[in-house]
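What follows is the residue order along each chain.
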Amino acid sequence: MALSQTVKSLSLLLFSELVKFCRMYPTGGSFRGSRGTCIEQMLKKNSPPTSGPTRSPSNMNVGFDQQVKSTFKPGHDGRPKVSPKILIERYKNGETNAISLLHQLAQTLQFHLEMKETVAPANTTGLYFAFCAVINGVQYKTGIGVTKKEARLNAAELAFQDLLPTLESLKSALPEASSLDVPAPLPVKEEPAISDIHARRAMLANEYEVVALGTGNFNTKESISSNGRIVHDSHAVVTARRSLMRFLYRHLLMFFSKNASLTEKSIFQQSSSSSFLSLKSGVTLHLYVNQLPKGAAQIPSKLRLNPLSMSAWQVNNEISLHLSVEGKVFSVFSSLLDHSNSKVVSMSTTDKITQWQVLGYQGALLSHFIEPIYVHSILIGDSDCSEIRGMEMSVSQRVEGITSNLPMFYCMMRPHISLVPSVASSRAGGNQLTYGINWSEGDSSLEVVDGLEGKTIEDSPFKSGSALASRLCKAAMMHRFRLVAKEAQRTDLLATSTYREAKMMAKPYQEAKNVLRAYLLQKGFGSWQDKVLTQ
């Protein structure tokens with residue numbers, strides 16, 4: 001089913017530590033998730049396939065008939081609830097697909113089924129996802145596709161074709177269900193099962209798909225690099241947002257490709273109100289953080305934007321813009337702020353989220369191609385956090401009323417902010433790792449970056465080259481920008497020679513940024529500072 005015909009929610013995950021991530025299935029509009037079980041399953045996709053028996057033509061169905069006979073359990077009247085013959089006929093008549101069929105056969109014949117993500121065959125060229133069916137521990141042929149859904153469906157079809165001869169030979173051995181009132185099969189969620197309860201929840205809810213991940217808590221100790229190959233800010237919010245940008249670039253390449261199938265699978269469509277692209281109807285973005293963002297979001301609960309009992313100085317100091325200096329956060333008005341020995345100082349996580357809810361998460365370069373993209377909900381999985389009022393005040397109320405001042409397509413998008421169950425520890429203890437990880441959908445492996453060095457570590461699963469430049473650095477982003485500009489036939493953008501030049505050419509974005517910063521200053525929240533540098 002095309003994205004334009006279904007609701008698809010894209011989840012963006014941020015963590016302050018090196019932790020695991022998961023695909024989540026919200027129910028009834030609220031976030032649901034295990035604290036650990038579903039996390040393990042997501043991390044496995046970046047690990048080598050586990051060793052185990054694999055079906056080959058010579059041993060394809062050896063023992064499967066005995067397996068089915070021994071595990072088949074009829075109903076209380078000696079008959080199956082739904083005959084395998086009926087299920088197979090429904091599949092052949094196009095009433096159900098191969099994934100639904102396998103799940104229904106697994107339920108009827110009582111075998112264990114898993115749709116497992118694996119690696120594409122060695123002779124496969126291009127970017128493809130790969131899945132295989134695993135039945136009672138036996139791995140069947142690998143199916144590939146340009147999307148995970150297509151790869152799972154192909155894998156299910158391959159497995160069924162291998163099993164069909166055995167199932168056909170067993171028809172006479174299995175009781176019929178012709179005299180029973182056989183109900184139509186329940187819809188089966190086309191996702192690897194995390195648990196029965198999660199599968200049931202997923203059947204009733206919109207599909208949530210993790211598309212980007214970031215962890216980290218440091219600025220680099222290195223001076224600003226002129227070649228753009230150092231990542232200067234490796235905080236989780238920045239890392240995950242840059243991972244999201246890589247995901248957006250990938251879908252832009254799909255949209256502008258000459259392949260109609262890839263264009264259709266892109267999350268983008270031509271906007272009906274402008275020359276830009278926009279997200280397809282039903283595609284929304286959501287943000288999960290495992291720690292209440294640092295900065296103004298952590299203001300005291302008794303504080304108000306218009307307090308009667310507190311001094312104006314305290315109000316400005318608490319709700320103001322904040323700077324991150326060597327792991328510590330200070331108000332821009334604080335007398336304790338001293339960054340004279342720091343080579344890179346960045347704005348706080350809260351302030352960055354505030355900015356992106358006005359300017360969009362796509363940034364300046366991507367705004368040459370697409371309308372602003374905003375987060376619709378922010379989920380805070382911090383077990384030490386008991387209220388979100390500070391986050392709501394910081395992200396929404398500080399910029400209330402700014403929309404009328406912004407250029408076309410830009411606005412203040414007020415996200416729904418809520419506390420949710422934690423899926424990972426939000427505290428690192430006494431010794432924090434300087435490493436952070438990044439990933440976006442389509443990546444075959446994680447990248448591990450040393451936040452203090454601003455480069456990929458030697459042992460990282462993914463390395464772009466001997467120079468150890470991260471795939472999130474400005475040079476890498478500029479490379480992707482030029483690839484999209486070429487596919488979109490934007491010769492004006494291809495003429496740009498530097499990252500900064502390309503950013504400054506995004507006139508509406510730069511105008512919106514200037515309006516935002518002037519607005520914050522006018523309201524008394526302080527001056528926004530771009531990567532405060534000291535020599």
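Residues numbered from 1 in each chain as written. Predicted model: local features only at pLDDT ≥ 70, side-chain atom pairs only at ≥ 80, totals over all residues. Heavy atoms only, no water.

What to know about the pattern of salt bridges
And step 1. Counting across every chain of the model gives nine salt bridges.
And step 2. Linking R414 and E400 is a salt bridge whose minimum nitrogen-to-oxygen distance equals 2.2 Å. Of this pair, R414 sits in the loop between helix 12 (389-395) and strand 13 (416-419) while E400 is found in the loop between helix 12 and strand 13, placing the two residues 14 residues apart along the sequence.
And step 3. According to the relative accessible area criterion, R414 is partly exposed, its value standing at 42%.
And step 4. According to the relative accessible area criterion, E400 is partly exposed, its value standing at 40%.
And step 5. Through salt bridges with shared partners, a single network forms among R246, D443 and R471. (Salt bridge = Lys/Arg side-chain N within 4 Å of Asp/Glu carboxyl O. Helix = DSSP H or I, 4+ residues; strand = E, 2+ residues; numbered from the N terminus. Buried < 20%, exposed > 50% of the residue type's maximum accessible area, 1.4 Å probe, protein only.)

Here's the deal with the environment of L366
And step 1. Turning to its location among the elements, L366 is positioned in helix 11 (residues 363-366).
And step 2. Judged by its relative accessible area of 0%, L366 is buried.
And step 3. Between the C-alpha atom of L366 and that of Y249, which follows or precedes it by 117 residues, the distance is 7.8 Å.
And step 4. Apart from residues no more than four positions distant in its own chain, L366 is found in contact with M245, L248, Y249 and L252. (Contact = heavy atoms within 4.5 Å.)

Brief notes about the nonpolar core
And step 1. Ranked by size, the top nonpolar core spans 45 residues in total, and within it L248, L252, F268, I370 and M391 carry the most contacts.
And step 2. Sort the elements by how many residues they give to this core and helix 7 (residues 236-256) lands first, with 10 residues.
And step 3. Apart from residues lying up to four places away in sequence, M391 is in contact with L292, P293, A297, I353, I378, I380, S396 and I417.
And step 4. Within the second largest apolar cluster, 29 residues are counted, among which are M347, A506, Y509 and L516. (Core = buried A, V, L, I, M, F, W, Y, C linked by side-chain atoms within 4.5 Å.)

Thoughts on the packing of aromatic side chains
And step 1. One pass over the structure, following the stated rule, counts six aromatic pairs.
And step 2. Between F255 and F256, the aromatic rings sit 5.3 Å apart at their centres with planes inclined by 85°, giving edge-to-face as the arrangement.
And step 3. On the numbers, 5.4 Å between centres and 50° between planes, the contact of W356 with Y361 is tilted. Across the pair, Y361 and W356 agree in class, each one buried.
And step 4. Here the guanidinium or amino end of R152 rests over the ring plane of F131, the centre of that ring lying 5.0 Å away.
And step 5. Looking at R471, its charged tip hangs above the ring of F462, at a distance of 4.5 Å from the centre. (Phe/Tyr/Trp six-rings, centres within 6.5 Å; stacked < 30°, edge-to-face > 60°. Lys NZ or Arg CZ within 6 Å of the ring centre and 35° of its normal.)

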